[in-house]
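# Overview (structure and organization)
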Amino acid sequence: MVFLGLGSAALAQDQSRAEISPVITGLDTPWGLALLPDGGALVTEIDGRVIHWDGSSTREVAGAPRVVDRGQGGLLDITLARDFAQTRDVFLTYSKPMEGGAGTALAVAQLSQDGSRLENLRDIFQMSTGTSAGQHFGSRVVEAPDGTLFVTIGDRGDRPSAQDRSRHNGSIVRVNRDGSVPSDNPFVGQSDVRPEIWSYGHRNPQGAALDAQGTLWTAEHGARGGDEVNRIKKGANYGWPVISYGRHYSGLKIGEGTSKPGMEQPAHYWDPSIAPSGLIVYQGDMFPEWQGDMFVGSLKFDYISRLALRGETAREVQQIEADATERVRDLVEAPDGSIWFISAGNGAVYRIARPDA
């Protein structure tokens, strides 16, 4: 158990503190986390397993999709539907075997009442083309207030494809829960443009969440420097690989510089890169001083970044660092306002909470 100060001058007088405690241990390369209404949890492991934790013990859930477990690919994100209590629907993203290799896919299934299996598993979206590359699958799934689903997809290592809207590479797509295309997507009806695309010009967004107003935010991997937080706008171009605040791993310049008309600027960027992954915008009551702040996990530097949001910009104001924060892969806000996170480095799920909560 680790105690930490909350990092706010306003809290110095009452000396409020939080603690980090282990909840689920013994996991093998965990990637995504979803909290169940009964107090349990589901965790994905990249090799293709879904783990059910009932509050005291874990077991494997049957019925997970077959994945391509290579490089950064495998079984990735997991999200409960907003109406899970009625439907038992669970959304999963994964690297799906496809012609040419693999591509990011979105599936839905129903969790059995006893939590032992996924039933009626079916794909509702998959990338237009598969490749043999093992990197940049994206792959968060977020349900919007209107019930549509956002899925983040990386460029799969093919940089120019992020500007090619005839492919899904380097985009955020938006689909209905049955996989159909919402009629108000920005490029519906345009020739040679995939109608699922909501925004494009992304390198590898591995964090995504909504704020209290329903706006989608992402955290995206840059190359050498240039990791970004982006406020996602309908139909917008986020510039990769034409503009970037990073450089190629060789040290060479990327594209045309850091800005170009018609391309969005990041709300925040990191240089050097922190390798950002899971993301939440905190809305809970346990830490009222954090309400509206963003939390992003760092895979490279082993901390959780807290950022203050101001309109369309973000600023890092704290780094939460402890032995527990080794390769933070995902973060989830619990109903009680505590923050749960995956440490892939420790093979564990931890909880940040008030000491008396």
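Residues numbered from 1 in each chain as written. Predicted model: local features only at pLDDT ≥ 70, side-chain atom pairs only at ≥ 80, totals over all residues. Heavy atoms only, no water.

### Describing the packing of aromatic side chains
Here the structure, examined in full by the defined rule, presents ten aromatic pairs. The interplanar angle of 65° and the centroid separation of 6.0 Å between the aromatic rings of Trp-53 and Trp-340 together place this pair among those described as edge-to-face. With Trp-53 in strand E5 (residues 49-53) and Trp-340 in strand E24 (residues 339-343), this pair connects stretches of sequence that are 287 residues apart. A relative accessible area of 9% means that Trp-53 is categorised as buried. Classification of Trp-340 as buried rests on a relative accessible area of 10%. (Phe/Tyr/Trp six-rings, centres within 6.5 Å; stacked < 30°, edge-to-face > 60°. Helix = DSSP H or I, 4+ residues; strand = E, 2+ residues; numbered from the N terminus. Buried < 20%, exposed > 50% of the residue type's maximum accessible area, 1.4 Å probe, protein only.)

### A closer look at the pairing of strand E22 (residues 313-320)
Here seven bridges tie strand E21 (residues 304-310) to E22, and the two strands are oriented antiparallel to one another. Bridged to Leu-309 within E22 is Ala-314. Hairpin connection of E21 to E22: two residues between the antiparallel strands, including Gly-311 at a positive phi of 65°. (Pairing = 2+ DSSP bridges.)

### Quick look at the environment of Lys-260
Along the chain, Lys-260 falls in the loop between strand E17 (227-231) and strand E18 (268-270). Considered as a pair, Lys-260 and Gly-239 are 21 residues apart in the sequence and their alpha carbons are 8.0 Å apart. Once you skip the residues sitting within four places of it in the chain, Lys-260 turns out to touch Val-242 and Ile-243. (Contact = heavy atoms within 4.5 Å.)

### Looking at unusual backbone geometry
A cis amide bond links Trp-240 to the next residue, Pro-241, at an omega of 0°. Tracing the backbone through its elements, the reader meets Pro-241 in the loop between E17 and E18. The linkage connecting Asp-271 with the following residue, Pro-272, adopts the cis geometry, with an omega of 10°. Looking at the secondary structure, you find Pro-272 in the loop between E18 and strand E19 (276-281). Even without being a glycine, Arg-156 presents a positive backbone phi close to 60°.

### A closer look at the nonpolar core
Soluble globular proteins tend to pack their nonpolar side chains together in the buried interior. Formed by 20 residues in total, the largest nonpolar core has its most connected members in Phe-295, Phe-341 and Ile-352. Mapped by element, the contributors of at least two residues to this core are strand E2 (17-24), strand E23 (328-333), E24 and strand E25 (348-353). In terms of residues, this core owes the most to one element, E25, which gives four residues. Sequence-distant contacts of Ile-352, that is, excluding residues within four places in its chain, are made with Ala-18, Glu-19, Ile-20, Phe-287, Trp-290, Ile-304, Ser-338, Ile-339 and Phe-341. (Core = buried A, V, L, I, M, F, W, Y, C linked by side-chain atoms within 4.5 Å.)

### So, the sheet that holds strand E12 (residues 149-152)
Strands sit in the order E11-E12-E13-E14 across an open sheet of four strands; the sheet is antiparallel. Of all the strands in the sheet, the pair left with one neighbour each is strand E11 (141-143) and strand E14 (197-200). The mean angle between the axes of side-by-side strands here comes to 20°, regardless of whether they run parallel or antiparallel. One ladder, built from four bridges, connects E12 with strand E13 (residues 171-175); its direction is antiparallel. Within E13, the position partnered with Thr-152 by the bridge is Ile-172. (Axes fitted to C-alpha atoms, helices over the stretch in contact; angles between N-to-C directions.)

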